[in-house]
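Residues per chain, in single letters:
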Amino acid sequence: ATTSGNQSKHHVPHHSTTTVTQTAMMALSNSTSPWSTTSTMNIQVPGNMFRENGYNHLKSQFGFPPNNVGGTISQYVYYTRANMCQWGSQGGFDPREKGPFILLIDRSDCAIPKQVRYAQFLGASAVVIADSECFCADKECLEYCYPRDGSNMCNRSDRCWTSPPNLADDGSALDVTIPSFLMNKLDAFKLKQTLQGEGRRHLNSQPVQMDLTWSLGNANGNDGRVQYDLWTSPTDLFGNQFIETFRPIANAFGSQATNFHPHMVLINGTRINCNAKDMGCYICDSVGCKSQCSNGGRYCASKPNDPTQTGISGVDVVRESLRRQCIWKIHGEEEDSDNVHVWWDYVHDFLSRCFTSELFSDEDCIKKSMDRVGVDASRVNQCMKDSGDLKMDSPNTMLEFELAAQRDNGVVQFPTLQINGNVLRTKLTPSNVFHAICDAYDIGSKYKPGICQQCSSCFGDKAVLKCVEDGVCTGPAFN
């Protein structure tokens, strides 16, 4: 069995492009809009560029200020033709005396986080990246930028994209603290015309004031429920601590109000040559691959750094990761199921009874934990086998999916929590996550659970947990 039926909603696929043709346009004419729904982009000045529904854009998944779940920047826009890929490449752009500003730059060949980091260094409050390609289903962009006479009005590319560009953290963006957005190619082209004016002397150029607003998003894209994803590992001490403390709140939310999905962070063995048989790495275990990886070196995990867990191997961690994904698949992923608590309860029981060097891989201890919380052990074992097992020198469909989701969401550290696809950039505590999830519901949403209102004035872990248990916020709000 595979998880292919539910995978598309959990991660963004690789960015792919195709040559602009009528066939490409027709094939995507009924495509779902790829544009961001958790942020807005609009132009206030000049007034004739204001749009009632804003401008099509994509919001990056990195660079938003810590502890910030939403905000607005309203500043004047400046444009530089520089590629912003290396120090000293601002192409004559001088940020002095410009005050706070939004910097418009062209999409280049280097990583987007690198461009945004340089703009941050120059003093930008936010970055808007002009896309170099149209979305293949955007008829207006294609007809304007690629007219029938073969000319290219919008410059640079004769290709269009079929799936959204990946705006996730590439592993280098932890120091980026300003928001960034990718703007539709045609709109960005017209914006540059407004900023630059006409001709070499830039006649009729006009100042532009842009509003950028972002949040953790609304729940419309998740059938009204808030979706939150937790990225962790069975030996992740901080993640385990969060699971233990947040479990009562997760169970109180349930699956009627939220759509929770756990992910297990793995190491891609292919990238470190652990399945390169011609090099003999996996067979001779010269670099530790055999004890750390499963499936012929494809999926790996680090040994715990805790001295009390020295007997736990990477393969043990991969096995427990697959087990937890199967528990979630069976007991948490069914649309009509309200068994979200089973996954949380299993992890809690496992941590309480089996999280030692001696018992981490003990099948008897694990089975008892599953039995105590109502996990169907036989179905879980079959799921692990059907997905590709761990001993075979072949791909495992569930672990392959986890690697792809990890890559496409830019997860480079764990634990990481996403709410409606946006990384929560604050300390993972029960109180912080509780309020962030409650804030992500649409105003007046019928799915917003009562505890959000009942506990809205409670802050601090003890106060929130007590309120969730009792249904009322009593005593000091901060505790």
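Residues numbered from 1 in each chain as written. Predicted model: local features only at pLDDT ≥ 70, side-chain atom pairs only at ≥ 80, totals over all residues. Heavy atoms only, no water.

A.B. asks: Just to check I follow, could you spell out the environment of Pro179 for this structure?
C.D. replies: Examined against the element boundaries, Pro179 turns out to sit in the loop between strand 8 (159-163) and strand 9 (180-183). You can call Pro179 buried: its relative accessible area is 2%. Between the alpha carbons of Pro179 and Val128 there is a distance of 8.8 Å; along the sequence they are 51 residues apart. Contacts of Pro179, omitting those with residues within four sequence positions, involve Gly63, Phe64, Ile73, Ser125, Ala126, Val127 and Trp214. (Helix = DSSP H or I, 4+ residues; strand = E, 2+ residues; numbered from the N terminus. Buried < 20%, exposed > 50% of the residue type's maximum accessible area, 1.4 Å probe, protein only. Contact = heavy atoms within 4.5 Å.)

A.B. asks: Before we go on, may I ask you to explain the sheet that holds strand 2 (residues 39-45) in this structure?
C.D. replies: Hydrogen bonds between backbone atoms are what pair the strands of a sheet, whose relative direction is either parallel or antiparallel. Spatially, seven strands are ordered 2-10-4-5-6-9-3 in an open sheet, and the strand pairing comes out mixed. Each edge of the open sheet carries a strand with a single partner, namely strand 2 and strand 3 (57-59). Direction aside, neighbouring strands of the sheet carry axes that sit 30 degrees apart on average. As paired strands, strand 2 and strand 10 (residues 209-215) are joined by six bridges and run antiparallel to one another. Residue pairing across strands places Ile43 opposite Met210, the latter belonging to strand 10. (Pairing = 2+ DSSP bridges. Axes fitted to C-alpha atoms, helices over the stretch in contact; angles between N-to-C directions.)

A.B. asks: Could you clarify how one ought to interpret the sheet that holds strand 13 (residues 267-268) in this entry?
C.D. replies: Read from one edge of the open sheet, three strands run 13-15-14, paired in antiparallel fashion. Edge strands, defined here as strands with exactly one partner in the open sheet, are strand 13 and strand 14 (293-294). As paired strands, strand 14 and strand 15 (residues 299-300) are joined by two bridges and run antiparallel to one another. Counted as the bridge partner of Ser294 is Tyr299 from strand 15.

A.B. asks: Would you mind showing me how to read helix 10 (residues 363-373) here?
C.D. replies: Listing the buried residues of helix 10 in full gives Cys365, Ile366, Ser369, Met370 and Val373. Angularly, the buried residues of helix 10 cover 135 degrees about the axis, an arc narrow enough to put them on a single face. Elements that come into contact with the buried residues of helix 10 comprise helix 8 (314-331), helix 9 (340-353) and helix 11 (377-386). Positive phi appears at Gly374, one or two residues downstream of helix 10, with a value of about 90 degrees. (Arc of directions from axis to C-beta.)

A.B. asks: Explanation requested: the packing of helix 8 against helix 10 in the structure shown.
C.D. replies: Packed helix pairs are specified by the crossing angle of their axes together with the interaxial distance, meaning the distance between the axes. At their nearest, the axes of helix 8 and helix 10 sit 13 Å apart, and the two run at 20 degrees to each other. Relative to helix 10, the element helix 8 lies roughly parallel. Of the two possible hands of crossing, helix 8 and helix 10 adopt the one that is right-handed. Two secondary-structure elements touch here, helix 8 through Arg319, Glu320, Arg323 and Ile327 and helix 10 through Glu363, Ile366 and Met370. Residues belonging to the contact of helix 8 with helix 10 are distributed by class as follows: three nonpolar, no polar and four charged. (Parallel < 35°, antiparallel > 145°, perpendicular 65-115°, else oblique. Left-handed = near helix turned anticlockwise from the far one by under 90°. Nonpolar A, V, L, I, M, F, W, Y, C, P; charged D, E, K, R; others polar.)

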